[in-house]
Amino acid sequence: MAELLSLEEAVDRLVHDGDTVALEGFTHLIPVAAGQEIIRQRRRDLTLVRMTPDIVYDQLIGAGCARKLVFSWGGNPGVGSLHRFRDAVQHDWPVPLEIEEHSHAGMANRYVAGASGLPFAVLRGYTGTDLPAQTATIKPITCPFTGEQLTAVPALNPDVSIVHAQRADRSGNVQMWGITGVQKEAVLAAKRSLVTVEEIVDELEPRPGAVVLPAWVVTAVAEVPGGAKPSYAAGYYERDNAAYQAWDEVGRDREEFTKWLNELTGVTA
Amino acid sequence: MAELLSLEEAVDRLVHDGDTVALEGFTHLIPVAAGQEIIRQRRRDLTLVRMTPDIVYDQLIGAGCARKLVFSWGGNPGVGSLHRFRDAVQHDWPVPLEIEEHSHAGMANRYVAGASGLPFAVLRGYTGTDLPAQTATIKPITCPFTGEQLTAVPALNPDVSIVHAQRADRSGNVQMWGITGVQKEAVLAAKRSLVTVEEIVDELEPRPGAVVLPAWVVTAVAEVPGGAKPSYAAGYYERDNAAYQAWDEVGRDREEFTKWLNELTGVTA
Amino acid sequence: MSAQYSADEMMSVAAARALGDGTSCFVGIGLPSKAANLARRAHAPNLTLIYESGCLGAKPSRLPLSIGDGELADTADAVISVPEVFNYWLQPGRIDVGFLGAAQLDKFGNINTTVIGSDYHDPKVRLPGAGGAPEIAASCGEVFIVLRQNPRAFVEKVDFVTSFGHGTGKGDRARLGLPGRGPTLVVTDLGLLRPDPETSELTLTELHTGVDLDRAIAATGWKLKVSDDLATTPAPTAQELTLLRDLEKASA
Amino acid sequence: MSAQYSADEMMSVAAARALGDGTSCFVGIGLPSKAANLARRAHAPNLTLIYESGCLGAKPSRLPLSIGDGELADTADAVISVPEVFNYWLQPGRIDVGFLGAAQLDKFGNINTTVIGSDYHDPKVRLPGAGGAPEIAASCGEVFIVLRQNPRAFVEKVDFVTSFGHGTGKGDRARLGLPGRGPTLVVTDLGLLRPDPETSELTLTELHTGVDLDRAIAATGWKLKVSDDLATTPAPTAQELTLLRDLEKASA
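Below or above, wherever it landed, is the structure these notes cover. Here the structure is a predicted model, which means the values were calculated and not measured.

Criteria and cut-off values
- Throughout this description, residue numbers start from 1 for each chain and increase along the sequence as written.
- Both sets of labels track the order of writing: A upward for chains, 1 upward for ligands.
- Selection of residues for local features in this predicted model requires a pLDDT of at least 70, selection of side-chain atom pairs for listing and counting requires 80 or more, and totals for whole chains, interfaces and linings are taken over all residues.
- Hydrogens and water are ignored here; the side-chain numbers use all heavy atoms of the structure.
- Contact definition: two residues touch when any of their heavy atoms are within 4.5 Å.
- Buried area: the accessible area, evaluated with a 1.4 Å probe, that two parts lose upon being put together, summed over both parts.
- Distance and chemistry together define a polar contact, namely a pair of N or O atoms within 3.5 Å, with one atom able to donate a hydrogen and the other to accept it when in protein, and with adjacent residues in sequence counting only for side-chain atoms on both sides.
- Put simply, DSSP marks the helices as runs of H or I at least four residues long and the strands as runs of E at least two long, and each gets a number from the N terminus on.
- Throughout this entry, Asp, Glu, Lys and Arg are counted as charged residues, while Ala, Val, Leu, Ile, Met, Phe, Trp, Tyr, Cys and Pro are counted as nonpolar. The remaining residues, Gly among them, count as polar.
- What makes a salt bridge here is a side-chain nitrogen of Lys or Arg within 4 Å of a carboxyl oxygen of Asp or Glu, nothing more.
- Type-normalised accessible area, obtained with a 1.4 Å probe on protein chains alone, sets the label of each residue: buried when under 20%, exposed when over 50%, and partly exposed for intermediate values.
- Pairing between strands requires that DSSP locate at least two bridges from one strand to the other.
- Every axis in this analysis is a line fitted to C-alpha atoms, fitted for helices over the stretch in contact. Angles between the N-to-C directions lie between 0 and 180 degrees.
- For this analysis, a nonpolar core means a set of buried residues of the types Ala, Val, Leu, Ile, Met, Phe, Trp, Tyr and Cys, connected via side-chain atoms within 4.5 Å.
- What sets the superposition is a least-squares fit of C-alpha atoms, and only residues with pLDDT of at least 70 in both copies go into it.

1. Overview of the interface of chain B and chain A
Counting residues at the interface gives 27 residues for chain B, matched by 27 residues for chain A. Both faces considered, chain B and chain A share a buried interface measuring about 1800 Å² in area, 79% of it formed by carbon and sulfur atoms. Linking chain B with chain A are four residue pairs in polar contact (both at pLDDT 80 or more), by the criterion used here. Mapped onto the side of chain B that touches chain A, the elements with two or more residues apiece are β6 (120–123), β7 (139–142) and β8 (149–154) of chain B. Each residue belonging to the side of chain B that touches chain A can be placed in one class, and the counts come to 18 nonpolar, five polar and four charged.

Written out as structure tokens, the structure is:
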């Protein structure tokens, strides 16, 4: 049964140095507040996993929390590049960042395998591309019925997965709707999970398109209104596009970024 | 784009002798009327596929439409055995019935592979059971990352899949809700598909738990109110449990069954 | 508590008692469903019921007529597709207890629901088949089996292994890499059987109140072993009987 | 029709025109999304737009800010999970056209969105990566690519094959068993390129109205082949320009 915790306590208890951590969200419901709490608590040596690392991953990488990134598309959606990500890959700043690079189809299937208790997934993927030569976690597999060759990718089973949802009830049952990406799979694939929510309510009224995560597969729920900003939470608030654009300026420059980081973590320079 | 057809025309055009046909429904929304139309049109040599063949499959088998059944659980749910199925397997009446037997997990994954354009699916299944010795479509497969041995099953790609849904709009977009079983997978796995619906409406209002099949993956839609009776259609009518019980009497006896069949097909004995 | 009750009522009550509160249970239809719903009303209000039709956390107000009863969907925490229930929920070992019936059961807890007779292609009786049982038996934390005890059902060796119990004895599950502990309890109309800790052979550990040991032995198709400290199942309480009968009445 | 328009507007209009009514299109963000939404407003009201965020049949009233814009979900026929969009919809070849952008494109239509520079581990520029593109390029019936033409983007050979086009030439896709036909059209701000039927090398088949051939040749990093019957793309109509500008205004 999910425990209702503060964000601070949840991150303290669930996320440890060296963990493999997935904060998922597909432009919608991105667990930004949880990511920034990980920065505040100065976690180190994390293997960060996400299909679409965006500005909160840029922040985690720039803050030196990560030693490795497993991903399929890293960018500031609708704006441009992730400058902290590029700086870490190209110049090891502030620490070297190992990367394990996949396609969306591969990453999605890796979460599916993880959620399904299987060691690998099969897809038609990567054929003819240069990705398999760089990524050890892409291998051929042969169909035992037709002899056809396909691609296998290993399961993702993060130590912790963190997602943001619209609501939870007091027992910790979680409800999210709109674009829900791979959030269900990320939670089910993980050893531990944290869901930040816009609000905790008495009862989860059924809604069209809603995905429900029962309390017994969630480790902790934290009420964090606005916890997905500057991304959006359908039914609660819109995407703050200006913030995405503004991040381009902050992320572009180490000094600007360091100022931002000191402000976030309460350090006076 | 789905064509709107009468049930008679749809079955005439879509279901041919010798086809592999899946009529899916997991106790809810069973396409009974479509199955009985197949009997009326005297299709022969069908390979029938279904996870849970129940009384409409008993009727199809008793009527001699099928040469093979691919399935995982054949029974009259909540009542008992399928007597026509047993008679065909045990005594070749009215024609021999070949069987290909799986578990639910295997069948569900076979549909998933079919819907996914993959030749096979991987699961943890059948281990230690006597099923693999009887069923050629169960094979071992080794994880290329861990070396672990798992089970592979081949994709199901029926020539036609038939399901029943609550509603469609005039463009042929289909909406169903409640227990939706493997209906989406069955339709997406098939070369052709027919959806019978309770009603055709101007607009599909979003509903909690609804599954939508866009018109462009459905071949034909036929409006058949009550087309799932005696099973139920959530929001339209309840299961007619007495009819399930009554079938036990009819199906138990070849003569009784033949009377029932003659009545269905309009033959006067 | 000297209320009158039937052997079937005793069986349902004993099966219900085995389900602990706060656990999750993958429920087969028929006797398992009745017992699980009784448990939820009696002592286990936080028992999570999972039906293979895709209903997670169903809280039916009456006994479902089938595993796809609309009542299950209407009262569930979530309704998911059938592939999802097997792949995301059963297979990874998320479910504590698998609750199964059987047509034939052997002394190592292997289940047959496929064919009676030695020839699969020319069976004496063709049974419904596997359904979800093989993977429920493999992947749940443990398996409870409920069925009426008689020599045709309780056999030395099942004609067909539809769902693997303990194979030919202790260690077989581990050798096959099966994640769950397999059958840990068989509830019948006469008593309870549990696998012997040394051999995994099903052994009578409890007799229901008023049942004679000889009757249990006679109702078993193999030479039934009896636990040294054979216990007696307490009779159903008045409350248990009332709840069970109300449940059956609401489902008539 | 002598309205003023920019080269980018010409590119968007030309890309939109390529999308036939009644087809389905897997839409990348940016230029492809703009063109697809213009097509739906102009000549293809029954164009089905599919976004990798899980939105099937999205009908946005403004240009989405990202592929996961709430407007896409609100107007879609169905919103599904990301694994489902790749496994049930893209992979089986249900989608007619994949509409992609690129950072680098080579003369056989191979796409690079991964790294600029020859060393993957020490790149000159680290790009966003693959996203959905490798499997879109593999599985859609055909692929349209839209990007601005210049010698840094249009290269002899891409530094990294993120998404496979025609490999080293005709026959490579068939040898690899790729189901779709691959890139059949590249739309730029200067003209249109199509694979040569014999060699699959991208060949200039149309120049936009008013564009000089020498400019297109100079903007290409390989020795550009020009079709014998080089055509001229008609200028945007007043209606096309109005629709495009309204779309951009509604999205500002």
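Resuming the write-up.
2. Examining the pattern of salt bridges
All names here are of chain A. Overall, the coordinates contain 62 salt bridges over all chains when judged by the stated rule. In this structure, Arg-124 engages Glu-148 in a salt bridge whose closest nitrogen and oxygen atoms are separated by 2.6 Å. One end of the pair, Arg-124, is in the loop between β6 (120–123) and α6 (131–134); the other, Glu-148, is in the loop between β7 (139–142) and β8 (149–154), with 24 residues separating them in the sequence. You can call Arg-124 partly exposed: its relative accessible area is 24%. With relative accessibility at 31%, the residue Glu-148 sits in the partly exposed group. Residues participating in the shared-partner salt-bridge network are Arg-67, Lys-68, Glu-98, Glu-100 and Arg-110.

3. Things to note about the sheet that holds β8 of chain A
Residues and elements named next belong to chain A. Pairing is antiparallel in the open sheet, where three strands are placed in the order β6-β8-β7. Each end of this open sheet is capped by a strand with a single partner; those strands are β6 and β7. For this sheet the average axis-to-axis angle between neighbouring strands, irrespective of direction, equals 45°. Strands β6 and β8 of the sheet are contacted by helix α5 (residues 104–115), whose axis makes an angle of about 140° with β6.

4. Things to note about the environment of His-164 of chain B
Residue and element names in this part refer to chain B. Here His-164 shows up in strand β9 (residues 160–169). Separated by 134 residues in the primary sequence, His-164 and Ile-30 have C-alpha atoms spaced 6.1 Å apart. Within the structure, the side chain of His-164 is placed 2.6 Å from the side chain of Thr-196, a separation counted as a polar contact. Side chain to side chain, His-164 and Glu-198 meet in a polar contact 2.7 Å long.

5. Regarding the sheet that holds strand β5 (residues 97–100) of chain D
Residues and elements named next belong to chain D. With mixed pairing, ten strands are arranged side by side in an open sheet as β4-β3-β2-β1-β5-β10-β12-β13-β14-β15. Only two strands of the sheet have a single neighbouring strand rather than two, namely β4 (78–79) and β15 (225–233). Against the sheet, helix α4 (residues 82–90) contacts β1 (24–27), β2 (48–51) and β3 (55–56), and its axis sits at roughly 145° relative to β1.

6. A look at unusual backbone geometry
In most cases, non-glycine residues show a negative phi, while peptide bonds are predominantly trans. Residue and element names in this part refer to chain A. Cis geometry is adopted by the peptide bond preceding Pro-94, which originates at Trp-93 and carries an omega value of 0°. Residue placement: Pro-94 occurs in the loop between α4 (83–91) and β5 (98–101). Cis geometry marks the peptide bond from Lys-229 to Pro-230; its omega dihedral reads 10°. With respect to the helices, strands and loops of the structure, Pro-230 is situated in the loop between β13 (220–223) and α8 (241–252). Although it is not a glycine, Tyr-126 adopts a positive phi angle of roughly 70°. If you trace the backbone, Tyr-126 turns up in the loop between β6 and α6.

7. Focus: the nonpolar core
Core analysis: the largest hydrophobic core is formed by 348 residues, its most contacted members being Leu-48 of chain A together with Leu-48 of chain B. Excluding its chain neighbours within four sequence positions, the residues that come into contact with Leu-48 of chain A are Val-21, Leu-23, Tyr-57, Leu-60, Ile-61, Ala-66, Lys-68, Leu-69 and Val-70 of chain A.

8. Describing the relation of the copies chain B and chain A
Each copy of the sequence occupies a distinct position, and chain B is placed on chain A by a rotation of 180° and an axial shift of 0.0 Å, giving an RMSD of 0.0 Å. In short, the pair behaves as if placed about a two-fold rotation axis. Taking C-alpha positions as reference, the residue of chain B nearest the rotation axis is Pro-208 of chain B, located at 1.9 Å. A high fraction, 100%, of the interface residues of chain B reappear at the interface in chain A, so the copies pair face to face through one surface.

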